[in-house]
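Secondary and tertiary structure notes
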Amino acid sequence: MTVDTQTTADIDLIQRILPHRYPFLLIDKVREIEAFKSATGIKNVTVNEPHFQGHFPGVPIMPGVTIVEAMAQTAAVMVGVSADLADKNFLVYFMGIDSCKFRRKVVPGDVLELHVTTLRGKPGGKVWKFEGRAEVEGELACECRFTAMMDLPQGAA
């Protein structure tokens, strides 16, 4: 297994790693990838997203669960880039979400920065634990720890 030295993922690479598509692909870019250790995802929040029609009419607020999902997608891309899993049918499943706290509203026009750090997990391992922080202009919007099962293709990582 070789560790990829790539430190960013554009939307094309993200879509080659994650199976998610509209309306559930919740990150636009991943940068500052440190192989298997950390990464920063970027989500440009726009009023055109379907959840804003009902959450809440006239007062659009990004649902907390989608913020947590965006952190998880960032973590999956970090592992996918690190293990060279583009185009390899890589799937990730939530196993748990712990100590989740929301600190500020995320609204259309915000740029959400999703900072994820690996707490437990290793190349080729199935169960990973991450710590995530979502920020807007340096202000904490959400923080949590989450556990995921990485369904790696045969022979990967």
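Residues numbered from 1 in each chain as written. Predicted model: local features only at pLDDT ≥ 70, side-chain atom pairs only at ≥ 80, totals over all residues. Heavy atoms only, no water.

**Topic: the sheet that holds strand β1 (residues 29-34)**
In spatial order, the strands read β1-β2-β4-β5-β6-β3; together these six strands make up an open sheet with antiparallel pairing. Two strands lie at the open edges of the sheet, namely β1 and β3 (91-102), each paired on one side alone. When strand polarity is set aside, the average angle formed by the axes of neighbouring strands in this sheet is 25 degrees. Where β3 and strand β6 (residues 139-151) come together, nine bridges link them in antiparallel fashion. Bridge pairing in β6 places Asp-98 opposite Arg-145. (Pairing = 2+ DSSP bridges. Helix = DSSP H or I, 4+ residues; strand = E, 2+ residues; numbered from the N terminus. Axes fitted to C-alpha atoms, helices over the stretch in contact; angles between N-to-C directions.)

**Notes on the pattern of salt bridges**
Once the charged atoms of two side chains with opposite charge are near each other, the side chains can pair. The tally for this structure, following the rule as stated, stands at 13 salt bridges. A salt bridge links Glu-32 to Arg-31, with the nearest nitrogen and oxygen atoms 3.4 Å apart. Linking Asp-98 and Lys-129 is a salt bridge whose minimum nitrogen-to-oxygen distance equals 3.6 Å. Highlighted residues: Asp-98 in strand β3 and Lys-129 in strand β5 (residues 127-136), separated in sequence by 31 residues. Owing to a relative accessible area of 33%, Asp-98 belongs among the partly exposed residues under this scheme. Connected through salt bridges with shared partners, the residues Arg-103, Arg-133, Glu-135 and Glu-143 form a single ionic network. (Salt bridge = Lys/Arg side-chain N within 4 Å of Asp/Glu carboxyl O. Buried < 20%, exposed > 50% of the residue type's maximum accessible area, 1.4 Å probe, protein only.)

**Description of the state of the cysteines**
Counted under the stated rule, the structure contains zero disulfides. Not engaged in a disulfide, the cysteine Cys-144 finds its nearest cysteine sulfur in Cys-100; these two sulfurs lie 4.5 Å apart. (Disulfide = S-S within 2.5 Å.)

**Points about the packing of aromatic side chains**
Applying the stated criterion to the full structure yields four aromatic pairs. Ring centres of Phe-94 and Phe-146 lie 6.1 Å apart, and the angle between their planes is 80 degrees; on these two criteria the pair is classed as edge-to-face. One end of the pair, Phe-94, is in strand β3; the other, Phe-146, is in strand β6, and 52 residues separate them in sequence. In textbook terms, an aromatic cluster arises when at least three aromatic residues are bridged by ring pairs, as seen for Phe-36, Phe-94, Trp-128, Phe-130 and Phe-146. (Phe/Tyr/Trp six-rings, centres within 6.5 Å; stacked < 30°, edge-to-face > 60°.)

**Quick notes on the side chain of Thr-66**
Structurally, Thr-66 is set in helix α2 (residues 64-82). We classify Thr-66 as buried; its relative accessible area is 9%. Not counting chain neighbours up to four residues away, the residues in contact with Thr-66 comprise Leu-26 and His-51. (Contact = heavy atoms within 4.5 Å.)

**Quick word on the nonpolar core**
Within the largest apolar cluster, 44 residues are counted, with the highest numbers of intra-cluster contacts made by Met-71, Val-77 and Leu-112. Looking at this core, the elements that each hand over two or more residues are α1 (11-17), β1, α2, β4 (111-120), β5 and β6. With eleven residues, α2 is the single largest residue contributor to this core. (Core = buried A, V, L, I, M, F, W, Y, C linked by side-chain atoms within 4.5 Å.)

**Observations regarding unusual backbone geometry**
Each neighbour pair has its own omega, and for Tyr-22 with Pro-23 the value is 5 degrees, a cis peptide bond. Topologically, Pro-23 is positioned in the loop between α1 and β1. Of note, Ser-99 is a non-glycine position whose phi angle comes to about 50 degrees, a positive value. Within the element layout of this structure, Ser-99 appears in strand β3. Of note, Glu-137 is a non-glycine position whose phi angle comes to about 50 degrees, a positive value. Relative to the helices and strands, Glu-137 is located in the loop between β5 and β6.

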